[in-house]
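Reading the structure
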Amino acid sequence: MEEKKSLLIVIDMVNGFLKEGVLSDIRINRITPNIIKLIKEHEGEIVFVRDSHKLDCDEFKEYPVHCLEGSHESELVDELKPYENMGRTFLKNTTNVMNEELFIKFLDENPDICEYIFTGCLTEVCVKNAIYGLIDYLNKNNRNGSIIVPEDCVDTFDGPGHNRDLVNEETLNEFGNNERILVKRMERR
């Protein structure tokens, strides 16, 4: 029986969302130990996706300036840096890594991946866009693939008009209502 190839995707666990800057919320860092545990246990491919915007990025029409290319905000948080060499890193200039040619090329070159595990932040923006973008990609290319979201490995920010717990719960419920997405608690060993 052929072994199932798995891809662990760590989205936007960068300083600009966890430690500093206008869109940061230090409480997102509570998922970092869970992601580290997954990284240590994962036997397949690992990719780190980092927000890295050019100053003229159109995204800044919707969101404040954040995670500028080459800035400290766009770097992986220190807790995850020791693991970055275990995988590949992809930079993105939008809320959706599926719009980045290098990431699509990576997926094209790895058609035997059939399990995609999504972690990181922001659950309702970058994680969600990547998941639905991947579903479109898999459908377009007639590829099967299961999508797993460990609910204790994704998070979002808290702010005025944006209740982190409510937004996270609503987004995870939305994922759970999609037959292609499995939402589950991380397995404790």
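Let us look at the structure shown here. As the structure is a prediction and not an experimental result, all values here were calculated from the model.

1. Description of the overall build of the protein chain
- For the protein chain, the helix and strand inventory stands at five helices and seven strands.
- Secondary structure elements in the protein chain, listed N-terminal to C-terminal, are β-α-α-β-β-α-β-α-β-β-α-β.
- When its C-alpha atoms are laid out on the principal axes, the protein chain stretches across 50 × 35 × 30 Å.
- Expressed as a percentage of its 189 residues, the buried residues of the protein chain come to 51%.
- Long-range contacts, defined as pairs at least 24 residues apart, comprise 75% of the intrachain contacts of the protein chain with a sequence gap of at least 6.
- Accessible surface for the protein chain amounts to roughly 9,600 Å². Of this, 48% is attributable to carbon and sulfur atoms.
- Positive and negative charge centroids in the protein chain, built from 23 and 37 side chains respectively, lie 3 Å apart.

2. Here's the deal with the nonpolar core
- Membership of the largest hydrophobic core comes to 54 residues, with the highest contact counts inside it found for Y116 and F118.
- Of the residues forming this core, the biggest block, nine residues, is contributed by helix α4 (residues 123-140).
- Once residues within four sequence positions are removed from consideration, Y116 is found in contact with L7, I9, L107, L134, L138, R143, G145, S146, I147 and I148.

3. A closer look at the side chain of E115
- Summarising the element assignment, E115 is placed in strand β4 (residues 113-121).
- Polar contacts involving the side chain of E115 include one to the side chain of S6, which spans 2.8 Å.
- Beyond its immediate chain neighbours, meaning those up to four positions away, E115 contacts K4, K5, S6, L7, S146 and I148.

4. Digging into the pattern of salt bridges
- Considering all chains together, one arrives at 18 salt bridges under this definition.
- Residue K5 is joined to D112 by a salt bridge in which the shortest nitrogen-to-oxygen separation is 3.5 Å. With a gap of 107 residues between them, K5 in strand β1 (residues 5-11) and D112 in the loop between α3 (101-109) and β4 connect regions that are remote in the sequence.
- Its relative accessible area of 38% is what places D112 among the partly exposed residues.
- Between R27 and D25 there is a salt bridge, with its nearest N and O atoms 3.1 Å apart.
- The exposure class of R27 is partly exposed, given its relative accessible area of 43%.
- Taken together, the shared-partner salt bridges in this structure form one network comprising D25, R27, R30, D155, D158, R164 and D165.

5. Thoughts on helix α5 (residues 164-176)
- The terminal C-alpha atoms of α5 lie 18 Å apart, and with 13 residues this matches the ideal 18 Å at 1.5 Å per residue to within 8%.
- Every buried residue of α5 is accounted for by R164, V167, N168, T171, L172 and F175. All buried residues of α5 fall inside an arc of 125° around its axis, so they share one side.
- Capping of α5 at its N-terminal end is provided by N163; its side-chain oxygen lies 3.0 Å from the backbone amide nitrogen of D165.

6. Things to note about unusual backbone geometry
- Following C121, the chain continues into L122 via a peptide bond in cis, with omega recorded as -10°.
- Its place among the elements puts L122 in the loop between β4 and α4.
- Unlike most non-glycine residues, D12 shows phi in positive territory, near 55°.
- Relative accessible area serves as the criterion here: at 0%, D12 is assigned to the buried category.
- Of note in the backbone geometry, C67 takes a positive phi value of approximately 45° without being a glycine.
- Assignment of secondary structure puts C67 in the loop between β2 (45-51) and β3 (88-92).
- C67 gets classed as buried once you look at its relative accessible area, which sits at 0%.

Rules used throughout
- Residues numbered from 1 in each chain as written.
- Predicted model: local features only at pLDDT ≥ 70, side-chain atom pairs only at ≥ 80, totals over all residues.
- Heavy atoms only, no water.
- Helix = DSSP H or I, 4+ residues; strand = E, 2+ residues; numbered from the N terminus.
- Buried < 20%, exposed > 50% of the residue type's maximum accessible area, 1.4 Å probe, protein only.
- Contact = heavy atoms within 4.5 Å.
- Areas by Shrake-Rupley, 256 points an atom, 1.4 Å probe, with all protein chains shown as cover.
- Lys, Arg positive; Asp, Glu negative; His and termini not counted.
- Charge placed at Lys NZ, Arg CZ, Asp CG, Glu CD.
- Core = buried A, V, L, I, M, F, W, Y, C linked by side-chain atoms within 4.5 Å.
- Polar contact = N/O pair within 3.5 Å; in protein donor to acceptor, adjacent residues only side chain to side chain.
- Salt bridge = Lys/Arg side-chain N within 4 Å of Asp/Glu carboxyl O.
- Expected span 1.5 Å × (residues − 1).
- Arc of directions from axis to C-beta.

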